[in-house]
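Remarks on the overall topology
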Amino acid sequence: MRSDEYDRLYLSPPHLGRHELNYLHKAIEDNWVAPVGPNIDGFERDICQYTGAQHCVALNSGTAAIHLGLQLLGVGPGDEVLVPSFTFVATANPVRYLGAEPVFIDSETDTWNICPGLLREALTERSRRGRLPKAIVLVHLYGMPARLPELLAIAAEFGVPVLEDAAEALGSTFQKQPLGTFGAVGIFSFNGNKIITTSGGGALVTNKSEWAQQARWLATQARDAAPHYQHSAVGYNYRLSNLLAGIGRGQMGLIEDRVKRRREIYAQYCELLKPLPAVQVGPAELPNARANRWLTTILLRPEHTNLSPEEVRQHLETHNIEARPLWKPLHLQPLFAGCATYGGSVCEDLFNRGLCLPSGSAMTDAHVRRVISALKEILPAG
Ligand SMILES: *Cc1c(COP(=O)(O)O)cnc(C)c1O
């Protein structure tokens, strides 16, 4: 057994570069150890520059960004919001924070993201009943661009605004335009496992300056303009620390390298898994789409193996390799029992057959081969 057999191979651990510490040092030296300061301003500028968004508000999580974003779109008590079922719970939780209800939409098989046909069906039915949803949340799962032209056209036809949950998709593009900038509001996450990280953090982007201002205001306890503490609305403590924004500045300088490496890892998995007919590597990109390949995902083909993804996951675990199930559809979560749902069988099938493989940008080629060797031990060769 080689010594690297003993090192745990994580799914998507943080991958820091050389400059994060410089920004942190400078913040401490200059006493900018608060949720204001030059790193926050710089980090917001970096994100605007990289994505082409006109305004960015750095926040302490992606979930906070979704919460504020939905509020900007006018979501409130009793409203409905259309949300893909196949996503992380953080996409839908903020709908409930606002007293609104999610309506879940199934995936399509090509991108695994929200299905345009079912989105149209949901909007048509809701509109016939005389009450349109307040917003549509699009998610680019695992960094894969959703079917944007169709989805945006449908949203525009019904006049329902789009919040783009690009938490997993920084660095992905459609027709060369960065994801996160297609909706009225876009959000990113810089949680520890995302493609770049601030340890914990998020951002909201928009081209509307009033909305950016409003988000900044809500994120700092909605303090009115007065010398004393004056408040006329419920606010939150959602701003990112200037220290963590320093980590973000260092990471933003590396985003293209990180995307390049994740895409290489995906390509290596595709190549090396070819001899295993039981394994289908996650979705191909649509024409004009570029995925950041945040996580490489696989589906098992039941014609070629009786093993479940859980059995494969446990086998990888014996080699100290971390793999994880795909997101469990939200319409199957006890939390959302009883929520209206359009379709559901596509994402249920993905969940029943899928697995995420280690995909961190610090992985070496030898690490990828280690995963492949472990898979070859239990899956049949073609
Ligand atoms: C990570 C993630 C979020 C939430 O981001 P946090 O920064 O962890 O709050 C939201 N949506 C999706 C799809 C995510 O993967």
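Residues numbered from 1 in each chain as written. Predicted model: local features only at pLDDT ≥ 70, side-chain atom pairs only at ≥ 80, totals over all residues. Heavy atoms only, no water.

**Side note on the packing of helix α10 (residues 309–318) against helix α12 (residues 365–378)**
Their axes nearest at 10 Å, the elements α10 and α12 cross at an angle of 125 degrees. The angle between α10 and α12 places the two elements in the oblique class. Of the two possible hands of crossing, α10 and α12 adopt the one that is right-handed. Residues V312, H315 and L316 of α10 lie in contact with α12, whose contacting residues are V371, A374, L375, E377 and I378. Along the lines of polarity and charge, the residues of the contact of α10 with α12 split into six nonpolar, one polar and one charged. (Axes fitted to C-alpha atoms, helices over the stretch in contact; angles between N-to-C directions. Helix = DSSP H or I, 4+ residues; strand = E, 2+ residues; numbered from the N terminus. Parallel < 35°, antiparallel > 145°, perpendicular 65-115°, else oblique. Left-handed = near helix turned anticlockwise from the far one by under 90°. Contact = heavy atoms within 4.5 Å. Nonpolar A, V, L, I, M, F, W, Y, C, P; charged D, E, K, R; others polar.)

**Considering the UniProt feature "modified residue: N6-(pyridoxal phosphate)lysine" (unreviewed entry) in the chain**
Mapped onto this numbering, the UniProt entry annotates "modified residue: N6-(pyridoxal phosphate)lysine" (unreviewed entry) at K194. Mapping K194 onto the fold places it in the loop between β8 (185–189) and β9 (202–206). The residues contacting K194, other than those within four sequence positions of it, are A167, E168, S189, R262 and W294. Engagement of the side chain of K194 in a polar contact is seen with the side chain of S189, the distance being 3.4 Å. (UniProt positions renumbered as here; feature names shortened; annotations may be inferred. Polar contact = N/O pair within 3.5 Å; in protein donor to acceptor, adjacent residues only side chain to side chain.)

**A look at the UniProt feature "active site" (unreviewed entry) in the chain**
The residues that UniProt annotates with the feature "active site" (unreviewed entry) are K194. Looking at K194, the relative accessible area reads 10%, which means it is buried. (Buried < 20%, exposed > 50% of the residue type's maximum accessible area, 1.4 Å probe, protein only.)

**Considerations on the domain arrangement of the chain**
Partitioning the chain into structural domains gives domain 1 (19–254) and domain 2 (256–378). Centre-to-centre separation of domain 1 and domain 2, based on C-alpha positions: 25 Å. Facing 48 residues of domain 1, the contacting portion of domain 2 comprises 40 residues. Both sides of the domain 1 and domain 2 interface together cover about 3900 Å² of buried area, and 63% of this is carbon and sulfur. Together, F104, W112 and Y142 form the three largest contributors to the area buried by domain 1 at its contact with domain 2, with a combined 21%. Scanning the region where domain 1 abuts domain 2 turns up zero salt bridges. Where domain 1 touches domain 2, the interface holds 26 residue pairs in polar contact (both at pLDDT 80 or more). (Domains from an automatic or database assignment. Buried area = accessible area lost by both parts, 1.4 Å probe. Salt bridge = Lys/Arg side-chain N within 4 Å of Asp/Glu carboxyl O.)

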